[in-house]
Amino acid sequence: MTGPASDAIVVDHLSKQYKKLRAVDDLSFSVRSGRVTGFLGPNGAGKTTTLRMLLGLVTPTSGNATIGGERYTELHEPIKHVGAVLEASSAHRGRTGRNHLRMICRAAGLPDSRADETLELVGLTPAGKRKFKGYSLGMKQRLGIAAAMLGNPRVLILDEPANGLDPEGIRWMRDLLKALAAEGRTVLVSSHLLGEMQVLADDVVIVAAGKLVRQGPVDEVLGSMGTSQVRVRTPQPAELTTALTSLGASATPQADGSLLVSGAEAAAIGHAAFTASVELHELVAERGDLEQVFLQLTAGMAGIR
Amino acid sequence: MNLINAELFKLRTTAIWWIMGIVLLPLYAASVLANWAQFASTNPDQVSDPDQAEQVRAALEPINVATTLYTSGQYFGVLIVLLLSAIIVTSEFFHLTATATFLVTPKRESVILAKFGAAVIVGVLLWLLTTLINLIVVPPIMSNLDLSNQLGEPAVWRAIGLNLLAFVLWAVLGVGLGVLIKNQLAATLILGIVYVVGTSAIGLIFFLLTEYVAQWFENLQVLIPTSASQLMISGTDLPGNPPRWVGAVVLIGYAVVAGFFGTWLTKRRDIS
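Criteria and cut-off values
- Residues numbered from 1 in each chain as written.
- Chains lettered and ligands numbered in written order.
- Predicted model: local features only at pLDDT ≥ 70, side-chain atom pairs only at ≥ 80, totals over all residues.
- Heavy atoms only, no water.
- Contact = heavy atoms within 4.5 Å.
- Buried area = accessible area lost by both parts, 1.4 Å probe.
- Salt bridge = Lys/Arg side-chain N within 4 Å of Asp/Glu carboxyl O.
- Polar contact = N/O pair within 3.5 Å; in protein donor to acceptor, adjacent residues only side chain to side chain.
- Helix = DSSP H or I, 4+ residues; strand = E, 2+ residues; numbered from the N terminus.
- Nonpolar A, V, L, I, M, F, W, Y, C, P; charged D, E, K, R; others polar.
- Axes fitted to C-alpha atoms, helices over the stretch in contact; angles between N-to-C directions.
- Parallel < 35°, antiparallel > 145°, perpendicular 65-115°, else oblique.
- Left-handed = near helix turned anticlockwise from the far one by under 90°.
- Buried < 20%, exposed > 50% of the residue type's maximum accessible area, 1.4 Å probe, protein only.
- Core = buried A, V, L, I, M, F, W, Y, C linked by side-chain atoms within 4.5 Å.
- Domains from an automatic or database assignment.

A. Examining the interface of chain B and chain A more closely. With 25 residues of chain B at the contact, the number on the chain A side is 31 residues. With both sides pooled, the region where chain B packs onto chain A buries about 2500 Å², and carbon together with sulfur makes up 60% of that total. Of all residues in chain B, Phe9, Leu103 and Val104 of chain B bury the most surface against chain A, accounting for 25% of the area lost on that side. For the pair chain B and chain A, the interface holds one salt bridge. In this structure, Lys16 of chain A engages Asp270 of chain B in a salt bridge whose closest nitrogen and oxygen atoms are separated by 2.8 Å. Counting across the interface, chain B meets chain A through 12 residue pairs in polar contact (both at pLDDT 80 or more). For the side of chain B that touches chain A, the secondary-structure elements that each account for two or more residues are helix 1 (2-12) and helix 6 (98-104) of chain B. In terms of residue class, the side of chain B that touches chain A is built from 10 nonpolar, eight polar and seven charged.

Below, the structure is given as structure tokens:
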């Protein structure tokens, strides 16, 4: 399901130079509508700076970032096109959550009723009249999402929205974002929580040290790394290892008594075991997980710059 | 208009407006009483220096007493307007709401203009409040001083009008300075201290310069914003002081410079 092309996000040779630090370095990627795109990178990789440039809050040193072909600052009534959640703690401590939303409604010329509707959407109605300083981190994240949804935007940009959410909150967020993408909206979510992204995202954009490392559908990125291995359990490990070696595969004994085989598909291993009359108790293809891929891709680029 | 509405909404949905109100009321009452006491007890014949005696005599003319009393509370009212206007800007950074604000309105000059508008409205409201109370409490004080209420004098109404101009100009100044001193704590402390202590300190420096360096330094004293706004609302031209319009020009100058520079800076700044 693909939405109109006009909702796509395009980052084009974007760079940001702070005094000594090149926070974002010639970064280009694009984000399609109708899908959830995970924007991944270690802490300090330039994710937040990139999103802030995309939203016109930080001026790029060079390059361009557009949403639906236009810069954010040139959009007419931007929050009706783009909703953004940038930092969970961005509301006045002494103001109620409902008033925080109403304040945005007034500035944007939206009716106050939108504040109540989005509070309902994020399940925050009971806390709407409480002051922001009494909110838990999870409630702050929900308020941020409510603010982003005020203008019913076609494009959503979220910076680390899962931070501080409990497992139930994470699940709620995942379902919401997936549903919004399924409606054809563009959803760009930054995170360093890889496990969560593996479940949530359709596409990933991986950055490290301000540079693009890899971009594509999650499955492709995982597959391309060739980390696929097959876990085999057998009462005759020696015989199987011999059979596999003749196939050109290698088997590594694991602490739990199983063998981890690389260099052969599960079907080939099963066939080799069958012809060598080796009994198998388990034969599982282990998909590479995003975390491994991520660590391999960003090796040596992560850390404090 | 939406944006000014939003700015006023921001102000009245937090505790700051009534905190400032609670601070202002006793200070205002104190300044009315102080003015009253001063006029009730001063006698020009007790002043030895003939120049000063001349000034005191002029200040004690009924019309000048009236303009001072009917604009009572200017000193502290303006201070509160200055601080509130600065906080209208600094609280966005202090409470990290600048992100939300500039996401709704990426054209930052519009946001700053709305803040100028909201601050001016706050200034007008405070002027209205102090002026209304003055119009109620000053006539009895005037009769206590054995003076008529002077409300028929155009000079009184001109002073009240110029007092409004002072409130408005200080509001603009506050927003501009709030942009320049982004840190809320620093802004309130610096503006508060400079306003209260700085005026006397700079006044002392000017006094010393005038006494020991050159007489013409005295004429530059009007460059101090507080002196400028006091000069602006004085009833008649007091001897030894520059004309009133100079005070207005100085204040407008500061407000315009702070306003333009603040807007320019906000447009350039990265919000993070």
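B. Geometry of the packing of helix 8 (residues 154-180) of chain B against helix 12 (residues 244-268) of chain B. Residue and element names in this part refer to chain B. Taken N-terminus to C-terminus, the directions of helix 8 and helix 12 make an angle of 25°; their axes are 8 Å apart at the nearest point. With respect to helix 12, the axis of helix 8 lies roughly parallel. Remark: the crossing between helix 8 and helix 12 carries left-handed chirality. On helix 12, the residues touching Arg158, Leu162, Leu165, Ala166, Leu169, Trp170, Val172, Leu173, Gly176, Leu177, Val179 and Leu180 of helix 8 are Arg244, Ala248, Leu251, Ile252, Tyr254, Ala255, Ala258, Gly259, Phe261, Gly262, Leu265 and Thr266. Of the residues in the contact of helix 8 with helix 12, the class split is 18 nonpolar, four polar and two charged.

C. Quick peek at the environment of Ser62 of chain A. All names here are of chain A. For Ser62, the position within the fold is in strand 4 (residues 62-67). For Ser62, a relative accessible area of 33% corresponds to the partly exposed category. Sequence separation of Ser62 and Val24 is 38 residues, and the distance between their C-alpha atoms is 10.0 Å. Leaving out residues up to four positions away in the same chain, Ser62 has contacts with His13, Leu14 and Ser15.

D. Focus on the nonpolar core. By size, the foremost hydrophobic cluster in this structure holds 92 residues, and its most contacted members are Ile9, Leu55, Ile145 and Ile157 of chain A. With residues up to four places along the chain from it excluded, the contact list for Ile145 of chain A reads Val85, Val122, Leu158, Trp172, Met173 and Leu176 of chain A. Formed by 58 residues, the second largest nonpolar core is a distinct cluster that contains Met142, Ile160, Trp170 and Ala258 of chain B.

E. The packing of helix 1 of chain B against helix 7 (residues 108-144) of chain B, seen in detail. All names here are of chain B. Two elements in contact, helix 1 and helix 7, have axes whose closest approach is 8 Å; the angle formed by their N-to-C orientations is 60°. The pairing of helix 1 with helix 7 is recorded here as oblique in orientation. For the pair helix 1 and helix 7, the sense of crossing is right-handed. Here Leu3, Ile4, Glu7, Leu8, Lys10 and Leu11 of helix 1 come into contact with helix 7, specifically with Ser110, Val111, Ala114, Lys115, Gly117, Ala118, Ile121 and Val122. A per-class count over the contact of helix 1 with helix 7 returns nine nonpolar, two polar and three charged.

F. Here's a closer look at the domain arrangement of chain A. You can read the domains of chain A as domain 1 (5-222) and domain 2 (229-286). Each of domain 1 of chain A and domain 2 of chain A has a C-alpha centre, and the two are 45 Å apart.

G. Broad picture of unusual backbone geometry. Residues and elements named next belong to chain B. Despite not being glycine, Leu96 has its phi angle at roughly 55°, a positive value. Structurally, Leu96 can be placed in the loop between helix 5 (74-94) and helix 6. Look at Leu96 and you get partly exposed, because its relative accessible area is 33%. The phi angle at Asp146 is positive, at roughly 60°, despite the residue not being glycine. For Asp146, the position within the fold is in the loop between helix 7 and helix 8.

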